[in-house]
Amino acid sequence: MVDLQGQYSKIKNVVDPSIQEVVDNAAFINGPKVHQFQKNLEDYLGVKHVIPCANGTDALQIAMMGLNLQPGDEVITADFTFAATVEVIAILKLTPVLVDVDPITFNIDINAIEKAITPKTKAIVPVHLFGLAADMDAIMDLAKKHNLYVIEDNAQGIGADYTHKDGTKTKTGAIGHVASTSFFPSKNLGCYGDGGAIFTNDDELAYTIRGIVNHGMYKRYHHDVVGVNSRLDSIQAAVLDAKLPHLDDYNKTRRNTARKYTEAFKNHPSIVTPTGKSTCDGICDTCDCHVFHQYTLQLQGVDRDALVAHLQEKNIPCGVYYPIPLHKQKAYEDERYNEDDFTVTNKLVKSVISLPMHTELDHEQIEFITSTVLNFINSNS
Ligand SMILES: *Cc1c(COP(=O)(O)O)cnc(C)c1O
């Protein structure tokens, strides 16, 4: 699904010296590279505070710890996402409340959020799924009305712009009260191991979180709160700092690939191509609302398993993100859930397929992928 070796070979000349510098200085933990990357990412995102940590799942958990959410507090998130989002809610003994998603954007459904709010609700976690910004204006309005925190899960959306109702733009992750991201190698900004970060514009929250990531220490060996040990190591920061200047180009390349895929598939009766907000197709360069962490089609009347097998036979990687709704996962089942409230997710899990999406796909490969998919669908439906 990704070609990290191809990408590395093009930036080796900047990545290698950046890593070597860390090794030469032996500043492996909290070294200058970590600080440098943190500052550069703050500038890029237009956010006041970036707090690096060990991975994207930790980032979510620490964000929730920083908000001082208490056992029993309800946290609303999307049913159609990676399990990390709901996992940390459960680990902290908060109550996850899963809600359905929008059939066009795959992002959390605003009406479903509103319906799920109770006096116990304390936070909403929108996920910018597959790289498309969730409807943040509507979510922030709801949060304000009901006095809730908004924690953006930006693991798949780094670099995406959200265009507000008034036309101004903000990077995803810089809009909610706090946000998390992951630098897992296959993410849009990936390191060569594990990494993550928390973002916030709130000075006090940033201070609290900087202590939490460091064993709850605000003064050496004084532990004021229960914390964790979650660090981005200096070598990973060196890789990320070398890659950050390329992020916009990488995302642009992903959008160009998405455009080619969509051109090949559009108007096909059995294929629904991914779209952005109602005003754009997600791949217009003036909008930048979609950074295509995944390029995900919905199939109609196509045997998905057979298509997956056919693509595998042709050595074309593909993925099904995600095959099971979170509310049907054993760990997160809850008798309060009603199947009628999850019609979109229940349908998506059966019909989605994600095609290869990375920065190194060339025209020939894209052509081979689209023609293989189309030939299969046209001769089997
Ligand atoms: C990847 C991902 C995470 C977790 O990130 P890790 O760094 O693997 O812990 C969380 N949420 C979403 C939506 C993700 O895609």
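Residues numbered from 1 in each chain as written. Predicted model: local features only at pLDDT ≥ 70, side-chain atom pairs only at ≥ 80, totals over all residues. Heavy atoms only, no water.

### Side note on the domain arrangement of the protein chain
Okay, so step 1: One can read the domain layout of the protein chain as domain 1 (4–98 + 106–245) and domain 2 (247–379).
Okay, so step 2: Look at where the C-alpha atoms of domain 1 and domain 2 centre, and you get two points 24 Å apart.
Okay, so step 3: Facing the 41 residues of domain 1 at the interface are 35 residues of domain 2.
Okay, so step 4: Approximately 3,300 Å² of surface area, both sides summed, lies buried where domain 1 meets domain 2, with 56% of it carried by carbon and sulfur atoms.
Okay, so step 5: Remark: the boundary between domain 1 and domain 2 carries three salt bridges.
Okay, so step 6: A salt bridge links Glu 74 to Arg 336; its shortest N-O distance comes to 3.9 Å.
Okay, so step 7: Inspection of the domain 1/domain 2 interface yields 19 residue pairs in polar contact (both at pLDDT 80 or more). (Domains from an automatic or database assignment. Contact = heavy atoms within 4.5 Å. Buried area = accessible area lost by both parts, 1.4 Å probe. Salt bridge = Lys/Arg side-chain N within 4 Å of Asp/Glu carboxyl O. Polar contact = N/O pair within 3.5 Å; in protein donor to acceptor, adjacent residues only side chain to side chain.)

### Structural notes on the site of the ligand
Okay, so step 1: Surveying the vicinity of the ligand reveals the residues Asn 55, Gly 56, Thr 57, Thr 81, Phe 82, Ala 84, Val 127, Asp 153, Ala 155, Gln 156, Ser 182 and Lys 187.
Okay, so step 2: At a separation of 3.4 Å, an oxygen atom of the ligand approaches a polar side-chain atom of Asn 55.
Okay, so step 3: One nitrogen or oxygen atom from the side chain of Asp 153 is found 2.8 Å from a nitrogen atom belonging to the ligand.
Okay, so step 4: In the complex, 91% of the free accessible area of the ligand, which totals 380 Å², lies under the protein chains. (Near = heavy atom within 4 Å. Areas by Shrake-Rupley, 256 points an atom, 1.4 Å probe, with all protein chains shown as cover.)

### Concerning the sheet that holds strand β13 (residues 295–299)
Okay, so step 1: Ordered by their spatial adjacency, three strands build an open sheet running β12-β13-β14, and the pairing between neighbours is antiparallel. Only two strands of the sheet have a single partner each, and these edge strands are β12 (271–272) and β14 (352–355).
Okay, so step 2: Sheet topology places β12 next to β13; two bridges connect them, and they run antiparallel. Of the residues in β13, the one forming a bridge with Val 272 is Gln 298. (Pairing = 2+ DSSP bridges. Helix = DSSP H or I, 4+ residues; strand = E, 2+ residues; numbered from the N terminus.)

### What about the pairing of β14?
Okay, so step 1: Judged by which residues are buried, β14 turns out to be covered on both faces: Val 352 and Ser 354 on one side and Ile 353 and Leu 355 on the other are all buried.
Okay, so step 2: In terms of strand pairing, β13 meets β14 through four bridges, oriented antiparallel. Across the sheet, the residue bridging to Tyr 295 is Leu 355, located in β14. (Buried < 20%, exposed > 50% of the residue type's maximum accessible area, 1.4 Å probe, protein only.)

### Re unusual backbone geometry
Okay, so step 1: Residues Tyr 321 and Tyr 322 are joined by a peptide bond in cis, for which omega reads 5°.
Okay, so step 2: With respect to the helices and strands, Tyr 322 occurs in the loop between α10 (304–313) and α11 (343–351).
Okay, so step 3: A positive phi is found at Phe 292, a non-glycine position, where the angle reads about 45°.
Okay, so step 4: Mapped onto the elements, Phe 292 comes out in the loop between β12 and β13.
Okay, so step 5: The backbone of Asn 315 shows a phi angle near 60°, a positive value even though the residue is not glycine.
Okay, so step 6: Here Asn 315 is to be found in the loop between α10 and α11.
Okay, so step 7: A relative accessible area of 70% places Asn 315 in the exposed class.

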